[in-house]
Amino acid sequence: MKIGILGAGQLARMLALAGHPLGLETVCFTELAMVPAACCAKLVVGRFDDQSALQHFAQQVDVITFENENIDVNVVEFLSGYCPVYPTSAALALTQDRLLEKQLLQQLEIPVGRCCAIHSLAELEKNSAAFNHDAILKTRRFGYDGKGQWRIRSLDDLAKIKSADLQEPLILEEFIPFDEEVSMIAVRSLQGQIKFYPLTKNVHHQGILKISVAPANSPLENLARDYMARLLTHFNYVGVLAIEFFCKGEQLLANEIAPRVHNSGHWTQNGAVTSQFENHMRAMAQLPLGETTLLAKTAMFNCIGSEPLMTDVLQIPYTHYHHYGKEARALRKLAHINLTYQDDQQFERGYQQLIDLLA
Ligand code: ATP
Ligand code: MG
């Protein structure tokens, strides 16, 4: 069976690698030939606005998925004429616009922080004041790793926002002074079977995920599962879905949804019975889903902007290195390291050594 993936970055690479033992071949549609998935997937190089290239791609696969939600919905609809695309264009359209996403969450009675659409400076001033000038202005579309965001801490910060920035569709969110951030990742099959991974605790630095630790051991786990099930059922979803949450006291506020395998689920490669990548591929191929049970507590560290020496990492017991084959560039995710738990001493020491290596 051949699985088509739109995009050929590290997520596509890890999906393709997870497909190999199952005999699943991967074909990635990509605008560039030098991409992380090139080592383990066939590539169709073309532009996303070239219908004949897209058709050529669709005709050689049995099902199509994507690694990134910033894809033109029209492309997905066009491809759906040739073979099934999962998740569907409906899930894609909603999750690529922060405002529509928040509105859907509210409709499903999943709590979110206060937010509103912004179209002008006057609207920004008024609504920022309503949030005591403690807010984040975000582009509604195409944001990732904290890009397209302006933190507002005082009235003065509004002056930093240029009129050109205000031409884009924007959303203003109140700043949530959260206790911690967690994410729920789950997978759903075409037949409606759902499997949840343990809730994961996430640490971000300057808007980019730095460390994830699973399990989060949070009393909010069942609530997160309940919210996840609502979304999966609403979309009649097929594949892996991630929800990022802010925890504040007893409250669980949804921050955003990602209709794909997620960085905060990379720990599952070494810490869960079946990784998120394998389960997404199983869902695409209509194979039975694998167990999502924890094998061992695991911490995942992102290598951002530069990579440590692999030998320095691998001499730390119970580490696993996942290299993406990307050129180093500031703020770019280049690899991640998983550290699994055997005992308290080993885990704490390994954790600290990795913090020091990546500092
Ligand atoms: P990613 O692609 O890494 O998920 P993103 O660009 O989509 O990031 P968000 O998830 O919206 O951006 O924000 C990145 C991080 O910034 C959050 O994980 C959180 O740490 C912080 N953040 C975003 N919005 C808020 C908010 N309203 N209140 C407090 N912190 C926030
Ligand atoms: Mg996020």
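Structure first, text after, so check above.
Here we summarise the structure given alongside this text. Quick caveat: nothing in here was measured; it's all calculated off a predicted structure.

On to the coordination of the magnesium ion (ligand 2). At this site the magnesium ion (ligand 2) is bound by Glu244 (OE), Glu244 (OE) and Glu256 (OE), with donor distances of 1.9 to 2.7 Å. In this pair, Glu244 sits in strand β13 (residues 239–248) while Glu256 sits in strand β14 (residues 251–258), placing the two residues 12 residues apart along the sequence. Residue Glu256 is classed as partly exposed on the basis of its relative accessible area, which comes to 22%.

Turning our attention to the nonpolar core. Among the nonpolar cores identified, the biggest contains 37 residues, and Ile3, Cys28, Phe277 and Met284 are the most heavily contacted of them. When contributions to this core are tallied by element, the ones reaching two or more residues are β1 (2–6), α1 (10–19), β9 (180–188), β12 (208–214), β13 and α9 (276–284). Element by element, the count of residues in this core is highest for α1, at six residues. Discounting residues that sit within four places of it in the chain, Cys28 has contacts with Ile5, Gly7, Ala8, Ala12, Ala37, Ala41, Lys42, Leu43, Val44 and Phe57. Of all hydrophobic cores here, the second largest spans 27 residues; its members include Ala91, Ala224, Tyr237 and Cys247.

With that out of the way, let us pick up unusual backbone geometry. Peptide bonds are mostly trans, and most non-glycine residues show a negative phi. Pro87 follows Tyr86 through a cis peptide bond whose omega is -10°. You can see Pro87 is positioned in the loop between α3 (73–80) and α4 (89–95). Geometrically, the link from Ala214 to Pro215 is a cis peptide bond, its omega value of 0° lying close to zero. If you trace the backbone, Pro215 turns up in the loop between β12 and α7 (221–235). Of note, His133 is a non-glycine position whose phi angle comes to about 50°, a positive value.

Here the focus is the pattern of salt bridges. Under the counting rule described, the total for this entry stands at 14 salt bridges. Through salt bridges that share partners, Lys102, Lys138 and Glu173 make up one connected network.

Attention shifts here to α9. Of all nine residues making up α9, eight are buried, and the element is well covered by its neighbours. Looking at the residues trailing α9, positive phi occurs at Gln286, about 55°.

Along the chain, the position of His205 falls in strand β11 (residues 200–205). In this structure His205 comes out as partly exposed when scored by relative accessible area, which is 43%. Linking His205 and Glu180, residues 25 residues apart in sequence, is a C-alpha distance of 13 Å.

With that out of the way, let us pick up the packing of helix α5 (residues 98–107) against α7. One can describe the packing of α5 onto α7 by two numbers: an axis separation of 11 Å at closest approach and a directional angle of 110°. Between α5 and α7, the angle falls in the class roughly perpendicular. In this structure, α5 uses Leu104, Leu105 and Gln107 to contact α7, whose residues at the interface are Leu231, His234 and Phe235. Its residues placed into classes, the contact of α5 with α7 shows four nonpolar, two polar and no charged.

For helix α11 (residues 344–358), built from 15 residues, the straight-helix expectation of 21 Å at 1.5 Å per residue is met to within 8% by its first-to-last C-alpha distance of 21 Å. Considered for burial, the residues of α11 that qualify are Gln346, Phe347, Gly350 and Leu354. In a view along the axis of α11, the buried residues occupy a sector of 90°, so they form one face of it. Set apart from the buried face of α11 by more than 90 degrees, the exposed residues are Gln345, Glu348, Arg349 and Asp356. Those residues of α11 that are buried lie in contact with β15 (298–304), α10 (310–314), β16 (319–323) and β17 (333–340).

Analysis parameters
Residues numbered from 1 in each chain as written. Chains lettered and ligands numbered in written order. Predicted model: local features only at pLDDT ≥ 70, side-chain atom pairs only at ≥ 80, totals over all residues. Heavy atoms only, no water. Donors = N, O, S within 2.8 Å, 3.2 Å for Na, K, Ca; no water. Helix = DSSP H or I, 4+ residues; strand = E, 2+ residues; numbered from the N terminus. Buried < 20%, exposed > 50% of the residue type's maximum accessible area, 1.4 Å probe, protein only. Core = buried A, V, L, I, M, F, W, Y, C linked by side-chain atoms within 4.5 Å. Contact = heavy atoms within 4.5 Å. Salt bridge = Lys/Arg side-chain N within 4 Å of Asp/Glu carboxyl O. Axes fitted to C-alpha atoms, helices over the stretch in contact; angles between N-to-C directions. Parallel < 35°, antiparallel > 145°, perpendicular 65-115°, else oblique. Nonpolar A, V, L, I, M, F, W, Y, C, P; charged D, E, K, R; others polar. Expected span 1.5 Å × (residues − 1). Arc of directions from axis to C-beta.

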